Amino acid sequence: MNNLQPAADAHHFLAPAKLNLDLRIVGRRADGYHLLESIFTLITLYDQIWFKINRTGSIKLHTPVAGIAPEEDLCVRAAQLLRSHTATRLGVDIWLDKQIPIGGGLGGGSADAAVVLMALNRLWQLELNKTQLLQLGVQLGADVPFFIFGQSAFARGIGEDLSPIILPKQWYVIIKPPVHVSTPKIFAHKDLTRDSKPRIMPDFQAEQHWRNDMQSVVLAEYPAVKVAFDVLAEYGSPMMSGSGACVFLSFDSENAAQAVYNKVSYAHQAYCVASLAKHPFYQ
């Protein structure tokens, strides 16, 4: 068997990406972490992950991502964290088919880490509850708890304080510019808005002005993101997801989204996706 191909009896799971429909920076903690408010939705853009349990205790990623050392990969780190937390003697072989663009603000690494925690909790028969998995997830990254939460959410804190929010079905056209945005650089930028007013639980239908407090800084610092933004601005009011680089435009119908996708995808790395009400792990 080619080690780049999953074992025939491996267990298969989908890891969906996310969009930040709204992202506001409302303060800063004493340790330097920024306090955020964000509205997250899952979307139908997936990484695929296969797991084959072993009894040797080894954790091996057979499909390392270019430029990321295996021991730094969030899949491997999640498996190691879960193993050390539970003292299980089991191991796992992992295969990852990466479709979510890296460095795009779509949460691909966090999505993968969440699926590793959830899937191995089941496959290793560890019986941790969701609260315990959320507590492990935040140790890996601020977006990981959302993917374990597994549904549209209003997030506070550094992203770990999650409340469910009802969102209507939407379709999105996403453009991924050919650039990697440095999140630490954006968070450290002198012009970044850090004092947005905190809100009570927002209502999707009542809200008129979605925004991303990082967007103006990224558009000024990364011309390629500005180009993608301007392309979508011909068809509506685009927004950037997370700290970038992806920008997206939302639509009420699949046909409308597909029409714009057809116009922009010939010249740009683009995706036409739908919102997901629930993580496929929980379906």
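Structure first, text after, so check above.
Presented here is a report on the structure given in the accompanying data block. The structure displayed is predicted, hence computed values, not measured ones.

This part takes up the environment of Cys-246. Along the polypeptide, Cys-246 turns up in the loop between strand 8 (239–240) and strand 9 (247–251). It is 5.7 Å that separates the C-alpha atoms of Cys-246 and Ile-175, two residues lying 71 residues apart in sequence. Cys-246 has contacts with Pro-101, Gly-104, Leu-106, Ile-174, Ile-175, Lys-176, Pro-177, Met-239, Met-240 and Ser-241, leaving out every residue within four places of it along the chain.

Next up on the list: the packing of aromatic side chains. Counted according to the given criterion, the structure contains 6 aromatic pairs. On the numbers, 5.8 Å between centres and 80° between planes, the contact of Tyr-172 with Phe-248 is edge-to-face. Placement of the pair is Tyr-172 in strand 7 (residues 171–175) and Phe-248 in strand 9, with a sequence separation of 76 residues. By relative accessible area, Tyr-172 is classed as buried at 2%. Under the relative-accessibility criterion, Phe-248 is labelled buried at 5%. Through a chain of ring-to-ring contacts, the aromatic side chains of Phe-13, Phe-51, Phe-281 and Tyr-282 assemble into a single cluster. Across from the ring centre of Tyr-282, 4.3 Å away, lies the NZ or CZ of Lys-130, which sits over that ring.

A few words now on the packing of helix 2 (residues 108–123) against helix 3 (residues 130–140). Orientation of helix 2 relative to helix 3, taken along the N-to-C sense of each, is 145°, at an axis distance of 10 Å. Crossing hand, helix 2 versus helix 3: right-handed. Here helix 2 contributes Ala-113, Leu-117, Met-118 and Asn-121 to the contact with helix 3, which in turn contributes Leu-133, Leu-136, Gly-137 and Leu-140. Its residues placed into classes, the contact of helix 2 with helix 3 shows 6 nonpolar, 2 polar and no charged.

Turning to helix 8 (residues 254–264), its buried residues number three or more, namely Ala-257, Val-260 and Val-264. Projection of helix 8 onto a plane perpendicular to its axis shows the buried side chains occupying an angular sector of 70°, all on one side. In this structure, the buried side of helix 8 is in contact with strand 7, helix 7 (223–233), strand 9 and strand 10 (270–276).

So, about unusual backbone geometry. A cis amide bond, omega 20°, links Gly-244 with the succeeding residue Ala-245. In this structure, Ala-87 takes a positive phi of about 60° despite not being glycine. On the secondary structure map, Ala-87 appears in the loop between helix 1 (74–86) and strand 4 (91–97). Judged by its relative accessible area of 61%, Ala-87 falls in the exposed class. In this structure, Gln-125 is a non-glycine residue whose phi angle is positive, near 55°. Inspection of the secondary structure puts Gln-125 in the loop between helix 2 and helix 3. Looking at Gln-125, the relative accessible area reads 67%, which means it is exposed.

The rules behind each value
- Residues numbered from 1 in each chain as written.
- Predicted model: local features only at pLDDT ≥ 70, side-chain atom pairs only at ≥ 80, totals over all residues.
- Heavy atoms only, no water.
- Helix = DSSP H or I, 4+ residues; strand = E, 2+ residues; numbered from the N terminus.
- Contact = heavy atoms within 4.5 Å.
- Phe/Tyr/Trp six-rings, centres within 6.5 Å; stacked < 30°, edge-to-face > 60°.
- Buried < 20%, exposed > 50% of the residue type's maximum accessible area, 1.4 Å probe, protein only.
- Lys NZ or Arg CZ within 6 Å of the ring centre and 35° of its normal.
- Axes fitted to C-alpha atoms, helices over the stretch in contact; angles between N-to-C directions.
- Left-handed = near helix turned anticlockwise from the far one by under 90°.
- Nonpolar A, V, L, I, M, F, W, Y, C, P; charged D, E, K, R; others polar.
- Arc of directions from axis to C-beta.

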